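Residue-level structural notes
What follows is each chain in one-letter form.
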Amino acid sequence: MRGAAVIRESTYLVLVLLGVSWITFSMIYLAPGDPAELLLSSGLESADPARVMAVREELGLNRPLVVQYFAWLKRLASGDLGCSFRTGDPVAREILSRLPATLCLAGATFLFTVAGSLALGLLGALKQNRSADHVIGILGILSISVPDYWLGILLILLFSLKLGWLPVMGFDGTTSLILPVFTLGLSMAVVQGRVLRASLLEIMGQEYILFARSKGLSGRVIVLRHLLKNALVPVVVMWGTCLGSLLGGAVIIESVFAWPGIGKLAVDAVLGRDLPLLQGVVLVMGFSYVLCNRLADLACRCLDPRWGREGR
Amino acid sequence: MNFRMKAGGLLVLGVVLASLAAPVFISGDPHAVMLERRLLPPGLAWPLGTDHLGRCVLTRVLLGGGVSLFAGVGTALMALVPGMALGFLAGLVGPRVSRIIMWAVDVMLAFPALIPALILAGCLGPSLTSAMMGLGAVGWAWWTRFVRGQVLAAREKEYVRAARTMGISRWRIVFYYILPQVLPPVVVYAAFQAGGMIVALSGLSYLGLGIQPPRPEWGAMLKEAGLYSARAPWMLLAPGLAITLAVLGFNLLGEGLRDFLQVRPTTRGR
């Protein structure tokens, strides 16, 4: 039964990834005009018709769409994402060169978010309806209402330009991480902390907690083993989503801080109408998002075997 | 009516009225470039200062509200209506059709929220339409999954089963037994999503992928303000505060409605 479930789930995952790749593949046909012409025309110059024909033949653009899709998938499997319109460099290489910056930012933000949500969630639940809880509640609704990129600009203005404590932008050492990590992580940490708080409070009322308490278990054991383990499930789902979207590059925040990561690359690709580059970036973003969500799902199943039974 | 509902409702109403009334009170051309009065700090003549082209920041924030608010709410509705219809369908029909719908949903939700908007902006060129369509493309999928879950839960309620055994017609059950249970959470999350869409649209405009200049819009104004933040920080404050107030209004409204309609926050399941 378990084996069958694994096969069914993996097949479904492959089907979703195929859907993602199909959308990514077909987006180049969404653009008005002929892809071959787009490829050849640089800026204002229009392409030479004879060369357009040659490129069409070379790229197999005359073949049916489905055949092209599978040819594209085959190239994809060997790591060939095509070449950028702009620079002519392989897309895979450009993405790899942007990966370290995004991984750094994503990793640091993820740690900040996890630590922050645990602290805020536990504090809110253990001090329910006390002043600390109310402050976190108000902070929560404010932090989801303030647009994060605006917060980022304000922080740059205050800490980098006025006070001169932190570097203005770019990826340069640990101090350059502080502002983007805080900007990205604040609202996520607070929101997830609120979800954890609600989940903790729900479980605190359960009979097995009362039982653990009446057995005379220490407060710490109850909180860690009985409360937190069961309350984490909904938060772990959010952690997965958070990590997935961070690994794909934080599109807006990377632009605010001129962070040389994948998110910034995506925006540059859009503004430069560099479709192969955008295709590659979107694919990486989609895949990492799906896989992280999947991982979170598996983690939830370890925490709570009942997870995911209903539905589907 | 609780406090948060009233506060949120008043905020939303205030922002909407201010941006509706703005065109009536503004005299002269709000887009006129006057370089001799550029980057003036807030004062009597210009309550919120002027921008890098000498335009009044207050005027532009008020005018920008029209675009930001209505595009945001419009996008939220654009996602809600088809998403809800498909969610009902997926919750009511047999497993085969339901599985196909949910596959499409999972594929759409495989993209982080802003990505379809980036794709459309890359293919069709940056514009408000491509930004709205892109956000709507992920939005409907979220609603479909959410509404389907609600419909499935409602279908299993005792009195819905009882109604079915009594032989009440299918449509009657959908409209009189299931819909009233699904609507309250939908209303609550629609308020949250309206706020979310306003932030997302302004973010896309900030990147230069939403509304194009010279039309005023809060995100686009922040993009211009970012370039002058050291010399003219007032350009930065007004549009950002406007977004915050509008979104805070929708979020408070959502939280208030959630308590008022007694919708349980979804902490478990999806």
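Residues numbered from 1 in each chain as written. Chains lettered and ligands numbered in written order. Predicted model: local features only at pLDDT ≥ 70, side-chain atom pairs only at ≥ 80, totals over all residues. Heavy atoms only, no water.

1. Description of the overall build of chain A
The number of helices and strands found in chain A is 14 helices and zero strands. Projected onto its principal axes, the C-alpha coordinates of chain A cover approximately 85 × 65 × 30 Å. Expressed as a percentage of the 312 residues in chain A, the buried residues total 45%. Relative to all contacts within chain A whose residues are 6 or more apart in sequence, the contacts with residues 24 or more apart total 71%. Per element, the accessible surface of chain A, about 15600 Å² overall, is 66% carbon and sulfur. Side-chain charges of chain A comprise 27 positive and 21 negative groups, with the mean position of each set lying 13 Å from the other. (Helix = DSSP H or I, 4+ residues; strand = E, 2+ residues; numbered from the N terminus. Buried < 20%, exposed > 50% of the residue type's maximum accessible area, 1.4 Å probe, protein only. Contact = heavy atoms within 4.5 Å. Areas by Shrake-Rupley, 256 points an atom, 1.4 Å probe, with all protein chains shown as cover. Lys, Arg positive; Asp, Glu negative; His and termini not counted. Charge placed at Lys NZ, Arg CZ, Asp CG, Glu CD.)

2. Thoughts on the domain arrangement of chain A
Residue and element names in this part refer to chain A. Splitting chain A by domain gives domain 1 (2–77) and domain 2 (98–303). Each of domain 1 and domain 2 was reduced to a C-alpha centroid, and the two centroids are 34 Å apart. Counting the surface lost from both domain 1 and domain 2, the interface buries some 1200 Å², and carbon and sulfur atoms represent 78% of this. Our enumeration of links across domain 1 and domain 2 arrives at two salt bridges. With its nearest N and O atoms 3.7 Å apart, the salt bridge here joins R301 to E9. Where domain 1 touches domain 2, the interface holds three residue pairs in polar contact (both at pLDDT 80 or more). Those elements that place two or more of their residues in the side of domain 1 that touches domain 2 are helix 1 (2–30) and helix 4 (65–77). Considering every element that reaches the side of domain 1 that touches domain 2, the biggest residue donor is helix 1, with 10 residues. (Domains from an automatic or database assignment. Buried area = accessible area lost by both parts, 1.4 Å probe. Salt bridge = Lys/Arg side-chain N within 4 Å of Asp/Glu carboxyl O. Polar contact = N/O pair within 3.5 Å; in protein donor to acceptor, adjacent residues only side chain to side chain.)

3. Some words on a nonpolar patch on the surface
All names here are of chain A. On the surface, a cluster of nonpolar side chains totalling about 450 Å² of accessible area is made up of W22, Y29, L65, V66 and F70. Elements supplying a minimum of two residues to the nonpolar patch: helix 1 and helix 4. When residues in the nonpolar patch are grouped by element, the largest group, three residues, is from helix 4. Within the secondary structure, W22 is located in helix 1. (Patch = residues over 30% accessible without salt bridge, like charges linked within 9 Å, V, L, I, M, F, W, Y side chains within 5 Å.)

4. What to know about the environment of L142(A)
Residues and elements named next belong to chain A. Secondary-structure assignment places L142 in helix 6 (residues 131–145). For L142, a relative accessible area of 38% gives the class partly exposed. Spatially, the C-alpha atoms of L142 and Y12 are 39 Å apart, while their sequence positions differ by 130 residues.

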